[in-house]
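# Remarks on the overall topology
Single-letter residue listing:
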Amino acid sequence: MSRHISSTSSFESPYVSLDLLAYLNSGKKTPFHVFNDVVMPEFQCHLSKLKQLLPPEDMNGTRDNTSRTERDEEEDNSNCNGPRAIVEEIQKDLDYINKACHKLKDSADRVDEEIQRLILQRLDDAFRERTEEALANSPRINKLKRTQEVVSMLKYQICSSPQLSSDSLSLQHFSPSMRPDKQPEVNIHNQMITKSLTLKRIEEVYNGLNEIQKKCLLCFSVFPENETIKKKVLIHWWVGEEFIDSLNDDGKTAEETGNEYFKEFIRKGIIEPVQQKRRQRSENCNMQSSVRDAIIKLAEKDEFVSFDSKGNPNADFSSCPRVCLVKTEEGSSLRDFTYIYHHLKHEDIQTLFNVNEPQPNFRVDRFSKMKNLKVLQLGRWKASARQLVEVEDTEFLKGLKKMKQLRYFSLRGISRITELPNSICELSNLRILNLNGCDNLEKLPDGIGSLKQLTHLDMSECFLISHMPKGLASLLALQILKGFVIGKQSPSGLYCKLADLARLQHLRKLSIHVDRTCLEAEKELNSLPQFRKLRSLSVAWSSIYYATTSTTTNVGLAKIQRIVSRENSLKTLAKIHRILSREKSMPTTPGSTSQPVDLHKLGLQYFHGSKMPDWLSLLNLKNLKKLYIRGGELSDLRPTEDQEDHSWAVKCLRLKSLSKLEMEWPKLRQLFPKLNYVEKVDCPQLSSFPCDDNGEGIWNAADTEQA
């Protein structure tokens, strides 16, 4: 291209700035992205305008003195060598070059993305090393292997493209006779190459796993592409299918065993952790699309789940024992399950998993036939609450009484369930019951105490439940209990109190909702030292909405009155103060002070007092590593006066929406001498904290000494 550009060239168009003209005239070599994104489009625009300026070719002609044969030959030569034909050939070649450049650029972008991930992983590893959670070299090696696959694909693409040496591009070596009759194929099936390489690698990894790990890994195949998956959902599924157990003989919990599997899958490069800000531990994960495709191939080969032609799991259980409810543009697999596969033996189904069906309504006769079901995931599994699920009625749930093998049952986030049928109390093998977010649920069945194998019960965000059934204290195998309610005293008195749960010797994680208007709440909380195995405790205060009649329309009001309401009268506060004074003078439970509960994690939400709750002094907080405080009236973080040591052993501190908390940074460092992570959000009085724009502060031991 000449550096002396005519004043009539297309470079005078508004699409190109004078900076580009100066750049081209400078004689500098053009970077690839500038050539691809700026120079090539402008040159193609120049050719298009040049073509418009050419005179139209005379297709009919008026040559009286020329024979027809000579005239036809002349027209053919004119069509091949005329200016329009030349421009069209140039444009065709430029289109080919442009497509090839974009393919190369896409591959280069993928390499760049992988390298950036490596860099970010290295920064994350450095942070973990600083917080005493160093990683082995294996994850980095797997990252390098995946990058090697992409780079190899780029190499293959370049080698498979036409050889464009400097000599072949030189004009003196070019002649029209060298032009190929057919343009080489630009698309060399990059995705197929990537999938093939990934499938080979995943197969090698898969064959190196034990049989249990293989089955656990194949569960990933049912989740949609690019979705963030909660570890807890998969661990509960694995417990349901008996891949792992929540009552392990080796002393490990289901979560500990499941996390070991996750670490193994991450180490081998199968899944990736999804970090939330800079938190050391990730509770979510995802899977690259090419890896997911490979897992689907393995799941089909192993007859683990059936898939349609687009890779969506379906309800065909003719060759596998698992049914997936999936709704796509083509239709619903629930409909297929009801009308197409109705002739199959429903007794063979072991797992029914709702992937994205918004209305999992079943015919009673079909539902009750699944007698050997082990996993029933009807509710939401996504971390986001945007996944809406509701049922028309709960009549079909009466068929639960025949599912004696059921181990995992989830109704998480399903609307319009006001009560559970008594048939749920006949699930003698049930380990996990998830009712989280069933915002229309008003009560639990009285016979829930018959679920002797139950280890996990989640009732959090069930805003209409005001009391706990008495049978809750009979769940002796319970390890995790979320959503226990401390409400006003019931006239009948037939409800479970917090102290009744002290006999649950395996309980290690407990979340409590306290009605702020309940005068006996502090007395019940004073029974916490009796919970010997408790390691994680979360307590939230708010007002509970009491429904006198069945209500499915007042859920929004219930949430507002239970969560948002923080007002309280001075008279009520005075009563609470008198009760607390009486409790201080009363003897504690025998043995509660000699072996106090050893908490590792504590969460307080919407606490109405200005100082830390008095009942905390009854607990052993010397090994407390994590303290999360959100909302409320706290203005002082100092431990209670009864504690000998007036500092915290906490390493991780999170503070959110504490408008009245005012503390200088040096004073807080004295209060939390072992702190290496702090997060503050919406705490306007803590402006002196050395946190970044995300409200995070991270430092190591050396930083602590300097502070």
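On a predicted model such as this, the values are computed, not experimentally measured, just so you know.

On to the overall build of the protein chain, then. When helices and strands are counted, the protein chain shows 18 helices and 21 strands. Evaluated residue by residue, the protein chain yields a buried proportion of 46% over its 707 residues. Counting only contacts in the protein chain whose residues sit at least 6 apart along the sequence, the fraction spanning at least 24 positions is 69%. Accessible surface computed for the protein chain: about 37,100 Å², of which carbon and sulfur atoms make up 49%.

Structurally, Q213 is set in helix α8 (residues 211-218). Taking relative accessible area as the criterion, Q213 reaches 12% and is therefore assigned buried. Among residues more than four places away in sequence, those in contact with Q213 are Y261, E264 and F265.

This part takes up the packing of aromatic side chains. For the structure on display, the rule yields 16 aromatic pairs. For the pair F317 and F337, a centre-to-centre distance of 5.9 Å together with 50 degrees between the ring planes defines the contact as tilted. One end of the pair, F317, is in the loop between α11 (289-301) and β4 (322-325); the other, F337, is in helix α12 (residues 333-339), with 20 residues separating them in the sequence. As far as the burial class goes, F317 and F337 line up, both buried. The structure contains a cluster of three or more aromatic residues connected by ring pairs, namely F220, W238, Y261, F262 and F265. The residue whose ring lies beneath K214 is Y206, and the NZ or CZ to ring-centre distance is 5.2 Å. One Lys or Arg, R322, reaches over the ring of F304 and ends 3.7 Å from the middle of that ring.

This paragraph deals with the state of the cysteines. For the structure shown, the criterion picks out 0 disulfides. Take C219: it sits in no disulfide, and the sulfur closest to it among the cysteines is that of C216, at 6.2 Å. With no disulfide of its own, C324 lies closest to C320 among cysteine sulfurs, the gap being 8.0 Å. Of the residues examined, C324 reaches a relative accessible area of 2% and is grouped as buried.

Moving on to the nonpolar core. F409, F484, L510, I512, L528 and L537 are the most contacted members of the largest nonpolar core, which totals 102 residues. Among the nonpolar cores identified, the runner-up in size contains 45 residues, and V233, I235, L298 and V375 belong to it.

Moving on to helix α9 (residues 231-240). Counting buried positions along α9 yields 9 of 10 residues, so the element is predominantly enclosed. At the exit of α9 stands E242, carrying a positive phi of roughly 65 degrees.

Below, the discussion takes up the pairing of strand β18 (residues 626-632). Sheet faces and side chains relate simply in a regular strand, where the side chains alternate between the two faces. When strand β17 (residues 601-607) meets β18, the two strands line up parallel, connected through 6 bridges. Considered in β18, the bridge of K601 is made with K626. Two elements, β18 and strand β19 (residues 652-656), share 5 bridges in a ladder whose sense is parallel. Residue pairing across strands places I629 opposite L655, the latter belonging to β19.

The first and last C-alpha atoms of helix α10 (residues 254-267) sit 20 Å apart over 14 residues, in line with the 20 Å expected at 1.5 Å per residue. Of the positions making up α10, those classed as buried are A254, E255, T257, G258, N259, Y261, F262, E264 and F265. Where α10 is buried, its residues contact α8, α9, β3 (284-286), β13 (456-458) and β14 (480-486). Phi for G269, located one or two positions after α10, is positive at around 80 degrees.

Moving on, we come to the environment of R654. Counting through the fold element by element, R654 comes out in strand β19. In the structure, R654 is positioned 27 residues away from L627 in sequence and 6.5 Å away in space, judged by C-alpha atoms.

Packing of α8 against α10 brings their axes to within 11 Å, and their N-to-C directions diverge by 80 degrees. One way to sum up the angle between α8 and α10 is to call them roughly perpendicular. Across from I212, Q213, C216 and L217 in α8, the residues of α10 making contact are Y261, E264 and F265. Partitioning the contact of α8 with α10 into residue classes produces 5 nonpolar, 1 polar and 1 charged.

What follows covers the pattern of salt bridges. Within this structure, the stated rule accounts for 20 salt bridges. Note that K214 and E211 form a salt bridge whose closest N and O atoms lie 3.5 Å from each other. Of the two residues, K214 and E211 are both situated in helix α8; the distance of 3 residues between them amounts to about one turn of the helix. Looking at K214, the relative accessible area reads 13%, which means it is buried. Since its relative accessible area comes to 54%, E211 is described here as exposed. Between K310 and E330 there is a salt bridge whose closest N-O contact spans 2.8 Å.

Take the confidence of the model for the protein chain next. Do not read the predicted coordinates in detail wherever pLDDT is low. For the protein chain, the average pLDDT comes to 78, and 69% of its residues sit at 70 or higher. Within the model, the stretch residues 59-71 combines pLDDT values under 50 with 7 contacts to residues more than four positions away or in other chains.

This part is about the sheet that holds β3. In space, the 3 strands of this open sheet follow the order β1-β3-β2, with antiparallel pairing throughout. The outermost strands of the open sheet, each flanked by one partner alone, are β1 (229-230) and β2 (272-274). Taken together, the 3 bridges between β2 and β3 define a ladder with antiparallel strand orientation. Each residue of the ladder has a partner; that of E272, found in β3, is N286.

On to the packing of α9 against α10. It is at 10 Å that the axes of α9 and α10 come closest, and there the two elements cross at 115 degrees. Here α9 is positioned roughly perpendicular relative to α10, judged by the angle of their axes. Both α9 and α10 take part in a crossing whose hand is right-handed. Here K231, L234, I235, H236, W238 and V239 of α9 lie close against α10, whose contacting residues are A254, E255, G258, N259, Y261, F262 and F265.

So, how was this worked out
- Residues numbered from 1 in each chain as written.
- Predicted model: local features only at pLDDT ≥ 70, side-chain atom pairs only at ≥ 80, totals over all residues.
- Heavy atoms only, no water.
- Helix = DSSP H or I, 4+ residues; strand = E, 2+ residues; numbered from the N terminus.
- Buried < 20%, exposed > 50% of the residue type's maximum accessible area, 1.4 Å probe, protein only.
- Contact = heavy atoms within 4.5 Å.
- Areas by Shrake-Rupley, 256 points an atom, 1.4 Å probe, with all protein chains shown as cover.
- Phe/Tyr/Trp six-rings, centres within 6.5 Å; stacked < 30°, edge-to-face > 60°.
- Lys NZ or Arg CZ within 6 Å of the ring centre and 35° of its normal.
- Disulfide = S-S within 2.5 Å.
- Core = buried A, V, L, I, M, F, W, Y, C linked by side-chain atoms within 4.5 Å.
- Pairing = 2+ DSSP bridges.
- Expected span 1.5 Å × (residues − 1).
- Axes fitted to C-alpha atoms, helices over the stretch in contact; angles between N-to-C directions.
- Parallel < 35°, antiparallel > 145°, perpendicular 65-115°, else oblique.
- Nonpolar A, V, L, I, M, F, W, Y, C, P; charged D, E, K, R; others polar.
- Salt bridge = Lys/Arg side-chain N within 4 Å of Asp/Glu carboxyl O.
- pLDDT = per-residue confidence, 0-100.
- Left-handed = near helix turned anticlockwise from the far one by under 90°.

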